[in-house]
Amino acid sequence: MATNRRRIPPAAAAAATAAFAVSAAVLVLGLGGRSFVQSYTDLAQLTAAAVASACCALAALRTDGRARRSWVAVAVGCAGWAVGEGIWSWFELVRGVDTPFPSAADLGFLLFPVGAAAALLLHPARGSEHAQGRRILDALVATSAIALVSWETALGAVLAAGADDRFALTVALAYPLSDLLLLLLVVLILSGASGSRTQLGLLAAGVASLSVSDSGFAYLTSVGSYDGGAIDLGWVAGFLLIALAPFGRDVTAAVPRLAPGRTDRWIFLPYVPVGLAGIVTLARLLAGNAPSSLQLGLIGVVVLLVLVRQYLTLHENATLTGELAVRESQLRHQAFHDALTGLANRSLFQDRLGHALDLHGRDLRPVAVLFLDLDDFKLTNDTLGHGAGDELLVRVSERLLAAVRTGDTVARLGGDEFAVLLEDGGDPVTVAAAIETALRAPFTLKTSTVKMGASIGVVAVEATDAPTTPDELLARADTAMYAAKRSGKGQLRVFAKGMSLSELSDQRMGVSLAASVAADELKLAYQPIVSLDHGRPEGVEALARWHHMGRDVPPAEFIAVAERTGVIGELTTWVLGEACRQVAGWSRGSTRLLQVSVNVSPAQITDPAFVGVVLDQVKRHGLRRGQLVLEITESSLLTEVTVAREVVSALRAGGVRIALDDFGVGYSSLSQLHAIELDILKIDRSFIDQIDEDSRQVRLLRSLLRLGADLGLQVVAEGVERPAQLDLLRELGCQLVQGDLLATPLDASEIPAAIDRQLVPASR
Ligand code: C2E
Ligand code: MG
Ligand code: MG
């Protein structure tokens, strides 16, 4: 974000440039004469250091955290230098004597490298931590090279010149050594930095300029040829650069990591000291100075380190290239696949479908599409949370993949919609049916078990069809899927011309259903619920039947329409009235309490007015307490559990018993079972399905039966179809069973005979 970057204000840059130009004229060209130069250099350095200290102190006031500490450190360092320079000037200019060595001035001067080092290390824009290995090597290369230069110059000269005492020698050595360390720090920090770091750059440049001048001074004084000039200018320039630093801005957050293919602008910095070391060593050699064995050793170390560093860089590049290739293929995969399930996404599916249609157009290669939408997926998501919803989608996609053949394309089009592209000429309806079967077993998620079916629309392109597009074909499959959805859950429909998406057909069917209810045209079938104790029906479940336009509409289909169109209230009232009337008739004169169960839709159990409707019918037909059972499903307890609880408790107070239907595949938790007062638990068919084949199901069923017993509920096992299942249920202590094995749903006229019939042998 270069626009964010504040440039140095022109006034500050101009002032610094002017000060530098004047200083250069005086110090390098000797303008104004020798004594003026003498005074100028001291006062200029003092002023520059004081100004730099003030600028950094102001910057410290405007920042906080790491940045503030960094500015304080550099301000203190500069102030120390200014004080040292003040003492120096007092000796040189006021008293006209040479400054003694060591003196209090050295204390001030040496405060600078401490402050500067702290400032560089504390600065928040300090480089990133990447490429650690290379950076450590850079540091070693730079240290050895700078040490070589310093050995040839300042450090070597100071040591050679010696000093009066140990303390003086220590102070004298402190200058070149601290310069060496500061230069090293500058190299390290700048080579680790990327992007725009104006503040840090100026600070580092200032420190470098000061260190070089300092070491130059130490060298020249040791060899006795110090004469101000460029060395003094380096000090002034250094403080001017530091004074400018707070005006810059470091754009750390906005600077991206180095893009591949771009060169880090500081990458060559460690080679600057190496080049310098080369020049100095060469100059010394040419001047006839044979290198000492220490120097030769240092040169060897530098060369070796440079070689290792080059190798590391090559290695790093190779790794980076490999990573880039992997990343690229990941990105390509991501562009065409669903992140959650790993299935093809819509664009890949459409692409493949387009290609398949092209081949069909060319040589009639077969093309068929299945469009799937999960039934009531939203409910899972809303009740179990998105984590469980995602988990379920992944499990569904695994089953889809397992149900199709290699080469078929399975895609997630979004949300709970999936599509399958078939190109092998197999029967798409068979594949769709296989998918329905594959989805039938409950899904075991981390925290719960859920049942999840899908509505599937099927469309196949026929040889006689006009050319079509992927979008058109998907739309047809979608239409067929909606038709499947309207006919109940877990259905599949093949697209047929004239099939329409419109809600109209729902409405039309709802109107017909309402008319049929009003005209008493619906019927009830009654399925016995048999006691294993005495082997005869304990009660019957009333199941609505609708014969409409020449066909028996499946209950799942018309109940769903009734729920969507609001006819469900009238339908339930009718079923209740009819069931109560008939069961009252069958019970007349009998001492047995024949129970009748009526299914209730979720919307009704959360409607307080429903209590009146039910109790009205109970009263009207003179049913005894406990004779009417209302079957509710788990989903009805979810949305408004408080209202449901009140409705249920009012119904129970009126003598109506409550059964939880299809238990185990819904969403109830044990806490909900406690929250709602129940009488009966009807264990869903899917838990009985395999008990004679799967021992795990037996264990599960045993625990469900135990749960029911612990809660003091009667338990009914639904969907018993085989004698083996019945035997096992009996063995497990289940008391009530329902299913085609004992009796299919019967016509009302057959019930009087059925209720006294021994449907299974009695246990006792
Ligand atoms: P449900 O309440 O679980 O009813 C049991 C369903 O399982 C019935 O299907 C019954 O015929 C079927 N069934 C019974 N024994 C067996 C068996 O051994 N094997 C198999 N495969 N199925 C068996 P039906 O009559 O098609 O009813 C389906 C669903 O429609 C019912 O499930 C219930 O939820 C709903 N339903 C039926 N009548 C009404 C009604 O009057 N009101 C409301 N709200 N829903 C109703
Ligand atoms: Mg039921
Ligand atoms: Mg049921």
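Residues numbered from 1 in each chain as written. Chains lettered and ligands numbered in written order. Predicted model: local features only at pLDDT ≥ 70, side-chain atom pairs only at ≥ 80, totals over all residues. Heavy atoms only, no water.

Asker: Lay out the overall build of the protein with the relevant residues and their values.
Answerer: Helices and strands together make up the secondary structure of the protein, namely 26 helices and 17 strands. Since a compact globule built from 764 residues should have a radius of gyration of about 27 Å, the 45 Å found for the protein marks it as more spread out than a globular shape. The principal-axis extents of the C-alpha atoms in the protein amount to approximately 135 × 70 × 50 Å. Considering the protein as a whole, with its 764 residues, one finds that 48% of them fall into the buried category. Accessible surface, the protein as shown: approximately 36000 Å² in total, 60% of it carbon and sulfur. Here the protein contributes 66 positively and 79 negatively charged side chains, and the mean placements of these two sets differ by 2 Å. (Helix = DSSP H or I, 4+ residues; strand = E, 2+ residues; numbered from the N terminus. Rg over C-alpha atoms; globule rule 2.2 N^0.38 Å. Buried < 20%, exposed > 50% of the residue type's maximum accessible area, 1.4 Å probe, protein only. Areas by Shrake-Rupley, 256 points an atom, 1.4 Å probe, with all protein chains shown as cover. Lys, Arg positive; Asp, Glu negative; His and termini not counted. Charge placed at Lys NZ, Arg CZ, Asp CG, Glu CD.)

Asker: Please give an account of the coordination of the magnesium ion (ligand 2) that cites residues and values.
Answerer: The reference angle at a metal is 109.5 degrees if four donors form a tetrahedron and 90 or 180 degrees if six donors form an octahedron. Taken together, the protein donors to the magnesium ion (ligand 2) comprise Glu541 (OE), Asn599 (OD1), Glu631 (OE) and Asp661 (OD), at separations of 2.0 to 2.2 Å. Counting residues between consecutive donors of the magnesium ion (ligand 2) along the chain gives the motif E-x57-N-x31-E-x29-D. If you look at the magnesium ion (ligand 2) and the magnesium ion (ligand 3), they sit 3.9 Å from each other and are both ligated by Asp661. Of the two residues, Asn599 is situated in strand E11 (residues 595-599) and Glu631 in strand E12 (residues 628-633); the sequence distance between them amounts to 32 residues. For Asn599, a relative accessible area of 29% puts it in the partly exposed group. (Donors = N, O, S within 2.8 Å, 3.2 Å for Na, K, Ca; no water.)

Asker: Please provide a residue-by-residue account of the site of ligand 1, values included.
Answerer: Looking at ligand 1, there are 21 residues lining it, with Glu541, Asn599, Asp661, Glu721 and Asp740 nearest. Between ligand 1 and Ala544 there is a distance of 3.1 Å, counted from a nitrogen atom to a backbone nitrogen or oxygen. Within the complex, the protein chains bury 80% of what would otherwise be the 790 Å² of accessible surface of ligand 1. Elements represented by at least two residues in the shell around ligand 1 include exactly strand E9 (537-548), helix H18 (555-565) and strand E13 (657-663). With four residues, E9 is the largest single contributor of residues to the shell around ligand 1. (Near = heavy atom within 4 Å. Polar contact = N/O pair within 3.5 Å; in protein donor to acceptor, adjacent residues only side chain to side chain.)

Asker: Can you break down the side chain of Gln527 residue by residue, with the values?
Answerer: Among the structural elements, Gln527 can be located in strand E8 (residues 523-531). By relative accessible area, Gln527 is classed as buried at 8%. Look past the residues within four positions of Gln527 in its chain and what remains in contact with it is Gly539, Val540, Glu541, Leu543, Gln738, Gly739, Asp740, Ala743, Thr744, Pro745 and Leu746. (Contact = heavy atoms within 4.5 Å.)

Asker: I'd love a proper account of the domain arrangement of the protein, names of residues and values included.
Answerer: Along its sequence, the protein is carved into domain 1 (10-257 + 269-314), domain 2 (346-497) and domain 3 (523-754). Each of domain 1 and domain 3 has a C-alpha centre, and the two are 90 Å apart. (Domains from an automatic or database assignment.)

Asker: How would you sum up the coordination of the magnesium ion (ligand 3)? Please name residues and give values.
Answerer: Those protein atoms acting as donors to the magnesium ion (ligand 3) are Asp661 (OD), Asp662 (OD) and Glu718 (OE), and they sit at 2.0 to 2.4 Å. Taken in chain order, the donor set of the magnesium ion (ligand 3) reads D-D-x55-E.

Asker: Explain the nonpolar core to me, and be specific about the residues and the numbers.
Answerer: By size, the foremost hydrophobic cluster in this structure holds 77 residues, and its most contacted members are Tyr526, Leu628, Leu630 and Val737. The element that contributes the greatest number of residues to this core is helix H19 (residues 568-587), accounting for 10 residues. Not counting chain neighbours up to four residues away, the residues in contact with Leu628 comprise Leu576, Cys580, Val596, Val598, Val614, Val618, Leu623, Gly655, Val656 and Arg657. Counting 54 residues, the second-largest nonpolar core is a separate cluster that includes Ala60, Cys78, Leu190 and Val207. (Core = buried A, V, L, I, M, F, W, Y, C linked by side-chain atoms within 4.5 Å.)

Asker: An account of the pairing of strand E14 (residues 680-683) is needed here, citing residue identities and associated values.
Answerer: Here E14 shows two buried faces, one formed by Ile680 and Lys682 and the other by Leu681 and Ile683. As defined by bridge partners, E13 adjoins E14 across three bridges and the pair is classed as parallel. The residue of E14 that forms the bridge with Ala659 is Ile680. Sheet analysis places E14 next to strand E15 (residues 714-717), joined by four bridges and oriented parallel. (Pairing = 2+ DSSP bridges.)

Asker: Can you lay out the sheet that holds strand E6 (residues 454-460) for me, pointing to particular residues and giving the numbers?
Answerer: Spatially, E2-E3-E1-E6-E7 is the arrangement adopted by the five strands of the open sheet, whose pairing is mixed. Each of the sheet's edge strands pairs with one partner strand only, and the pair in question is strand E2 (409-414) and strand E7 (492-494). Strand after strand, the sheet turns through a mean of 20 degrees between neighbouring axes, direction not considered. Judged from the three bridges that link them, E6 and E7 form a sheet pairing that is parallel. Residue pairing across strands places Val458 opposite Val494, the latter belonging to E7. Across the sheet, helix H14 (residues 386-403) touches strand E1 (368-374), E2 and strand E3 (417-422), and the angle it forms with E3 is around 15 degrees. The strands touched by helix H16 (residues 470-486) within the sheet are E1, E2, E6 and E7, with E6 carrying the most contacts at an inclination of about 140 degrees. (Axes fitted to C-alpha atoms, helices over the stretch in contact; angles between N-to-C directions.)

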